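So the chains spell out like this:
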Amino acid sequence: MYRSSSRLASLLIKGKSILNSNAVASSTGSIIRASSNQGFRVFASSSATAGSAAGGFGSRLLRKGFPSPYMRNFCTMASAGLDKKDGLQLLVTAGSHAQKMVGIWLFGSAAWVFSMVILGGVTRLTRSGLSMTDWKFTGGLPPMSEEDWLQEFEKYKQSPEYKLINKGISLADFKFIYWMEYGHRMWGRALGVMFALPFSYFMRKGYITLRLGLRLSVLFALGAGQGLIGWWMVKSGLEEPASEYAEPRVSPYRLAAHLTSAFAIYCGLLWTALSVVMPEPPAESIAWVNGAAKVKRLALPLSLLVGITAVSGAFVAGNDAGHAYNTFPKMGDTWIPDGILSMKPIIRNFFENTATVQLDHRILATMTLASIGSLWAATRKIDIHPAVRSFIGSTLCMAALQ
């Protein structure tokens with residue numbers, strides 16, 4: 001009798017110990033998953049900054065046929081988390097179908113913003129940005145008759161760009177640059193409509209939480225503000241230049257603000273889309289969780305470097321610095337050109353001096369490529385999820401292509 005009671009007591013103590021151990025493991029797993037979640041999205045967002053990840057990755061992630069078993073398992077776990085994970089703060093709470101719909105919309109919006117950046121670059125390369133001398137927030141119809149075209153052409157003839165650069169161009173040439181700028185503006189307005197209508201629908205259906213709704217409202221406001229920033233930029237190019245020998249061009253500071261705002265909207269949309277479709281990363285392997293934390297520590301400073309490099313490129317474009325030196329790695333016959341600190345105060349050289357601006361951009365670009373290469377080499381020795389490893393490889397390819 002005594003022996004049976006002792007054995008029963010021993011079993012009860014062991015059972016309690018096992019339950020406590022499982023509770024601690026479950027709690028620890030939840031903490032690890034929460035800490036690794038942000039780390040994964042930091043890297044995914046930074047890798048997209050280096051290339052057009054929104055369109056390619058987003059479409060592959062959300063269509064029926066996933067590109068690889070790794071990605072299939074990755075997304076299956078995220079969807080399973082919708083129903084099984086207590087305490088997980090979801091941005092879309094109406095089920096996996098709603099999650100997929102909102103994800104497609106956000107990835108599509110991010111891709112549209114990326115196309116806007118490309119179209120803006122083409123508009124600048126064709127020197128079309130100053131062809132329209134007025135601006136309305138809601139836009140309007142293009143010239144519909146020959147008389148309307150002549151009227152717009154007369155407005156352009158009053159601009160400094162026509163007088164100093166394009167004097168004597170034909171009406172046909174003017175129509176080309178006008179259509180380029182008009183298309184860029186209307187493409188942005190179409191993006192606003194494409195974003196606002198699904199946003200209203202998802203809010204009405206109750207798919208979107210208050211936290212996600214506030215985040216998307218901020219992004220929408222930034223997008224609306226892009227039109228104002230764009231006109232503020234163009235207006236600087238319609239003013240008379242300081243010297244008759246200086247070419248009329250937009251302010252490099254305003255151009256940098258316009259581009260930086262576009263990048264912020266793009267990264268915000270992509271980050272939010274990843275947060276919707278992947279509310280938590282796969283955490284079946286403790287090694288993968290630890291690896292994601294290490295990647296986060298490396299990716300955060302790298303993201304900052306990529307952003308600074310991109311903004312420095314806006315100053316290169318704003319100062320037409322790319323035309324000054326077209327040899328690499330040397331700038332002309334020297335490594336460091338003369339007069340890089342000729343302006344006073346010295347800080348102006350880094351934003352307005354043609355030679356200094358291009359030298360800075362070259363140094364930053366080289367540092368960015370080397371840093372991404374170092375990240376790729378470092379993560380070769382880290383046990384991480386195969387999807388994360390593929391993102392890092394894609395980022396290195398895009399950086400090398402740049």
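Because the structure is a prediction, the values reported are computed rather than measured. (Residues numbered from 1 in each chain as written. Predicted model: local features only at pLDDT ≥ 70, side-chain atom pairs only at ≥ 80, totals over all residues. Heavy atoms only, no water.)

Got a sec to walk through the overall build of the chain? Specific residues and values, please.
Counting its secondary structure elements, the chain contains 13 helices and zero strands. Buried residues in the chain amount to 41% of all 402 residues. In the chain, of all internal contacts separated by at least 6 residues, the share reaching a separation of at least 24 is 78%. Of the roughly 21,900 Å² of accessible surface on the chain, a fraction of 64% belongs to carbon and sulfur atoms. (Helix = DSSP H or I, 4+ residues; strand = E, 2+ residues; numbered from the N terminus. Buried < 20%, exposed > 50% of the residue type's maximum accessible area, 1.4 Å probe, protein only. Contact = heavy atoms within 4.5 Å. Areas by Shrake-Rupley, 256 points an atom, 1.4 Å probe, with all protein chains shown as cover.)

Give me the lowdown on the packing of aromatic side chains, citing residues and values where you can.
Tallied over the full model, the rule gives 23 aromatic pairs. Ring plane angle 85 degrees and centroid distance 6.4 Å describe the contact between Trp149 and Phe174, whose orientation is recorded as edge-to-face. Linking Trp149 in helix α5 (residues 146-157) with Phe174 in helix α7 (residues 171-205), this pair joins segments that are 25 residues apart in sequence. Classification of Trp149 by relative accessible area gives buried; the value is 6%. Exposure remark for Phe174: the relative accessible area of 0% places this residue in the buried category. Among the aromatic residues, those joined into a cluster by ring pairs are Trp149, Phe153, Tyr156, Tyr162, Phe174, Tyr178, Trp179 and Tyr182. (Phe/Tyr/Trp six-rings, centres within 6.5 Å; stacked < 30°, edge-to-face > 60°.)

So what about the confidence of the model for the chain? Which residues, and what values?
Per-residue confidence for the chain gives a mean pLDDT of 79, with 76% of residues at or over 70. The low-confidence segment residues 1-40, where pLDDT is below 50, has 21 contacts with residues more than four positions distant or belonging to other chains. (pLDDT = per-residue confidence, 0-100.)

Quick rundown of the environment of Val289? Include the residues and the values.
Inspection of the secondary structure assignment puts Val289 in helix α10 (residues 286-318). For Val289 and Asp383, which are 94 residues apart along the polypeptide, the C-alpha to C-alpha distance reads 9.0 Å.

Help me get a handle on the packing of helix α4 (residues 96-125) against helix α9 (residues 252-277), residues and values and all.
Between α4 and α9, the shortest axis-to-axis distance is 8 Å and the interhelical angle comes to 160 degrees. Relative to α9, α4 is oriented roughly antiparallel. Our pair here, α4 against α9, has a crossing hand that is left-handed. Residues that form the contact of α4 with α9 fall into these classes: 19 nonpolar, four polar and one charged. (Axes fitted to C-alpha atoms, helices over the stretch in contact; angles between N-to-C directions. Parallel < 35°, antiparallel > 145°, perpendicular 65-115°, else oblique. Left-handed = near helix turned anticlockwise from the far one by under 90°. Nonpolar A, V, L, I, M, F, W, Y, C, P; charged D, E, K, R; others polar.)

How would you sum up a nonpolar patch on the surface? Please name residues and give values.
On the surface, Leu341, Ile346, Ile347 and Phe350 cluster together to form a nonpolar patch covering roughly 360 Å² of accessible area. With respect to the helices and strands, the residue Phe350 is situated in helix α11 (residues 349-352). Owing to a relative accessible area of 36%, Phe350 belongs among the partly exposed residues under this scheme. (Patch = residues over 30% accessible without salt bridge, like charges linked within 9 Å, V, L, I, M, F, W, Y side chains within 5 Å. Salt bridge = Lys/Arg side-chain N within 4 Å of Asp/Glu carboxyl O.)

An account of α7 is needed here, citing residue identities and associated values.
Counted at 1.5 Å a residue, the expected span for α7 with its 35 residues is 51 Å, and the 50 Å between its end C-alpha atoms agrees. Downstream of α7 by one or two residues, Gly206 has phi in the positive range, about 80 degrees. (Expected span 1.5 Å × (residues − 1).)

Just give me the short version of α5, but keep the residues and values in it.
Here α5 contains twelve residues, and its C-alpha end-to-end distance of 16 Å stays within 8% of the 16 Å for a straight helix at 1.5 Å per residue. Buried positions along α5 lie against α6 (160-164) and α7.

Go over the environment of Thr368 with me, naming the residues and quoting the values.
Locating Thr368 in the fold gives a position in helix α12 (residues 354-379). Given a relative accessible area of 9%, Thr368 falls into the buried group. Measuring from C-alpha to C-alpha, the distance between Thr368 and Leu396 comes to 10.0 Å, with 28 residues separating the pair along the chain. Residues in contact with Thr368, not counting those within four places in the same chain, are Leu302, Leu305, Val306 and Thr309.

Hey, could you go over the packing of helix α8 (residues 210-237) against α9 for me, with residue numbers and the actual values?
Two elements in contact, α8 and α9, have axes separated by 9 Å at closest approach and are oriented at 160 degrees. On the basis of the axis angle, α8 is roughly antiparallel to α9. Note that α8 runs across α9; the crossing there is left-handed. A breakdown of the residues in the contact of α8 with α9 according to their chemical character gives 14 nonpolar, nine polar and two charged.

Explain the nonpolar core to me, using residue names and the numbers behind them.
Among the nonpolar cores identified, the biggest contains 30 residues, and Val102, Trp105, Leu106, Ile208, Leu216, Leu269 and Val276 are the most heavily contacted of them. Counting residues per element, the ones that place at least two in this core are α4, α7, α8 and α9. Here Ile208 is in contact with Leu91, Trp105, Phe199, Phe202, Met203, Gly213 and Leu216, once residues within four sequence places are set aside. Of all hydrophobic cores here, the second largest spans eleven residues; its members include Met132, Ile169, Phe174 and Tyr178. (Core = buried A, V, L, I, M, F, W, Y, C linked by side-chain atoms within 4.5 Å.)

Let's hear about unusual backbone geometry: which residues, and what values?
For the bond from Phe328 to Pro329, the omega torsion is 10 degrees, close enough to zero to count as cis. Inspection of the secondary structure puts Pro329 in the loop between α10 and α11. In the segment running from Lys344 into Pro345, the intervening peptide bond is cis, with an omega of -5 degrees. Relative to the assigned elements, Pro345 resides in the loop between α10 and α11. With a phi close to 50 degrees, Arg127 is a non-glycine residue in the positive phi region. Mapped onto the elements, Arg127 comes out in the loop between α4 and α5. A residue is classified by how much of its surface remains accessible, and Arg127, at 31% relative accessible area, is partly exposed. Look at Asp320: it is not a glycine, yet its phi comes out positive at around 50 degrees. Its location among the elements puts Asp320 in the loop between α10 and α11.

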